[in-house]
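Results of the structural survey
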Amino acid sequence: MMQQASATMPLVTIFGPPGSALGYAIRDFLYRSDVPFEWVQLVTDAQARSEAGVEHLADTRLPICAFADGTRLECPTVRQITAQLGWFHTPLRAEYDLAIYGAGPAGLSAAVYGASEGLKTVLIERYTLGGQAGSSSRIENYLGFPHGISGAELAERAREQISRFGAEILLGHEGVRAECTPDQMGAYLEDGTKIVARATICATGVAYRRLGLEHEQRFEGAGLFYGAGASEAALTRGQRVFVVGGGNAAGQAAMHFAQAACHVTIVIRGESLKSTLSQYLIDRIAATPNINVLTQTEVTALDGDEVLREIRLRQRTTGESHTVAASWLFLCIGGEPQTEWASEVGIVRDAGGYLVTGPDLVRDGRCPAHWPLDREPYYLETSMPGLFAAGDVRHGSIKRCASAVGEGAMAVALVHRYLANG
Ligand SMILES: Cc1cc2nc3c(=O)[nH]c(=O)nc-3n(C[C@H](O)[C@H](O)[C@H](O)COP(=O)(O)OP(=O)(O)OC[C@H]3O[C@@H](n4cnc5c(N)ncnc54)[C@H](O)[C@@H]3O)c2cc1C
C-alpha cells in the first residue's frame, strides 16, 4: 500500500511494515513539518526484500527512509531525520535578547515579532514547528484563511517569515531546566547546552493527555494515536475509525477521517457535543452520514497483538460494556502542561501546572512571595521577572490558535518594556 502526503514529488520515501510505531512517528513528523513523503507499506517478506532491500518484514532495520539525494537511513530517530533535513543546529550566539521555548502558534508569533523588532531572538523547539496546531488537517477559524489552512502549512509559512526576519530556530532541542539569577536568565537544553537570554518566553503549550489504560503505550502508533492524526487519514480508507473527545480537535479529526474511512465513531463522556464543539463543526458532523456520536460513553480497555484490535466501551449511565473491533483509535482528549522545571525554581503554577501570570499573581494587592521588584508583574509575566508565558501553557489562556498568536505578540511587547525599564 502506498500513501503520498501531497501531490508534490516526495522528498522522503518510507518503507515499513503495517503497525510500525516508528513508521507512524516518522510520518507524523514529516506531515507536520510539511515535507512531502511517500509511505510504502510492506506486507510480505518478498516485498520487504524487493522494495526495501531487507531480509523480511520483521527486519530490525525497518522502517527505512530513502531521501531524494540518495541517503538511506535505517530505523532512524526523528532527531536523525531532523539532522538529515539540515534542521538540527547548535546555538550561534553566546547570549540572546530573547529566548522562546516552544514553536506552536504562540512561540512562532513571538519569534516573528521579536526578530522583526530587532531583538536577537532564538526559538527552541523539541519536535517540529506548529505545536498542536501542526496536527490539524484544517483550521477554519483563523483570521485571514476563509477556506481554512492546515496547521502544517501555517507553520511552514511562519518558518519562512521567522527566517526572513533573522531569528534562529533550534529544532530537536528541549529546554529541561531553568537557572535564574538576578542578572542572568539561563536554561539548559537536554544535551547540557546553556542558553542565556535577557528575557524568555515560555510557549510550551500542553502535551497530549492519556487515557491511563493498560497497554496504552504498547499500542501507541500501532492503532492508537494521540491528536488528530492528520498524517494517517489516507491509510484508514474503507475502515472504521474511533475518535475519542468532544472538542474542536476531535470534531475536525472526525470530519477529516470521514472522507476516507467507511465509518467514524466519536466517543464522548458528555451528553452531547453542544457545550464543547464549535457550532460549524456540530452542523457538519450532523450532515455527514458516516459519522455517529456515542454519548456518555468511555473507552475502558484496549486489546490486540502487535497492533490494536479491540476496544471496550462502557455506557456511563447503564454501566453496560461491550467490546468492538477497532484498529484505528484517535485520542483528542486535551492536554496537560509540562512545567515541572518551573516548580524547581519556585515559579508560581496553578493546581493543573499552568504558569500563573500578571494580575493573577497579585492577591489583595500583594505580589507573590520572593517577587523582587517594586512594580507588579506585567500582564503575561510569570513570578520570575523577565520570564513570560504565552499560549496554552498559561493559566487562564483561551485554547485557540488566534489567542496563542496574540499572546505571543503581546509577550514581545512586554519583553521590550521589561528590557527598557526592568
Ligand atoms: C488537532 C487540533 C486541532 C485544533 N484546531 C484548532 C482550530 O481549528 N482553531 C483553533 O483556534 N485552535 C485549534 N486547536 C487548538 C490550538 O492548536 C492550540 O490552542 C494552540 O496550538 C496552542 O498554541 P501554543 O503555542 O500555546 O502551544 P502548542 O501548540 O501546544 O505548542 C507548544 C510547542 O512547545 C513545544 N515544547 C513543549 N515543551 C518544550 C520544551 N521543554 N522545549 C522546547 N519545546 C517544547 C511542543 O513540542 C510544541 O511544539 C487545535 C488543537 C488540536 C490538537
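The structure contained in this document is the topic of the report that follows. The model shown is predicted, which means the values in this text are computed figures rather than measured ones.

1. Let's talk about empty space enclosed by the protein
- With the rule as written, the count across this model stands at 1 cavity of 30 Å³ or more.
- If you add up the space inside the largest cavity, you get close to 30 Å³.
- Lining the largest cavity, in full, are Arg32, Ser33, Asp34, Thr128, Leu129, Ala152, Ala155, Glu156 and Arg159.
- Sorting elements by how many residues they give to the lining of the largest cavity places helix H5 (residues 151–165) first, with 4 residues.
- The class makeup of the residues in the lining of the largest cavity is 3 nonpolar, 2 polar and 4 charged.

2. A short note on the pairing of strand E11 (residues 194–202)
- Within E11, 7 of the 9 residues are buried, which leaves the element mostly enclosed by the surrounding structure.
- With 5 bridges connecting them, strand E6 (residues 96–101) and E11 associate as parallel partners. Directly across from Leu98, in E11, lies its bridge partner Ala199.
- With 4 bridges joining them, strand E10 (residues 184–189) and E11 adopt antiparallel strand pairing. Bridge pairing in E11 places Met185 opposite Ala197.
- The turn linking E10 back onto E11 is made up of 4 residues, and Gly192 within it adopts a positive phi angle of 95°.
- Relative to strand E22 (residues 387–389), E11 runs parallel, the two sharing 3 bridges. Counted as the bridge partner of Ile201 is Phe388 from E22.

3. What about unusual backbone geometry?
- At the junction of Leu62 and Pro63, the peptide bond is cis and its omega measures out at -5° in the coordinates.
- Relative to the helices and strands, Pro63 is located in the loop between helix H2 (45–52) and strand E4 (64–67).
- The phi dihedral of His215 falls on the positive side, at around 75°, and the residue is not glycine.
- Mapped onto the fold, His215 is located in the loop between strand E12 (207–208) and helix H6 (216–219).

Rules behind the numbers
Residues numbered from 1 in each chain as written. Predicted model: local features only at pLDDT ≥ 70, side-chain atom pairs only at ≥ 80, totals over all residues. Heavy atoms only, no water. 1 Å grid on protein atoms, 1.4 Å probe; cavity = no way out; pocket = protein on both sides within 12 Å on 5 of 7 lines; lining within 4 Å. Points joined across faces, edges and corners; volume = space filled by probe spheres on them. Helix = DSSP H or I, 4+ residues; strand = E, 2+ residues; numbered from the N terminus. Nonpolar A, V, L, I, M, F, W, Y, C, P; charged D, E, K, R; others polar. Buried < 20%, exposed > 50% of the residue type's maximum accessible area, 1.4 Å probe, protein only. Pairing = 2+ DSSP bridges.

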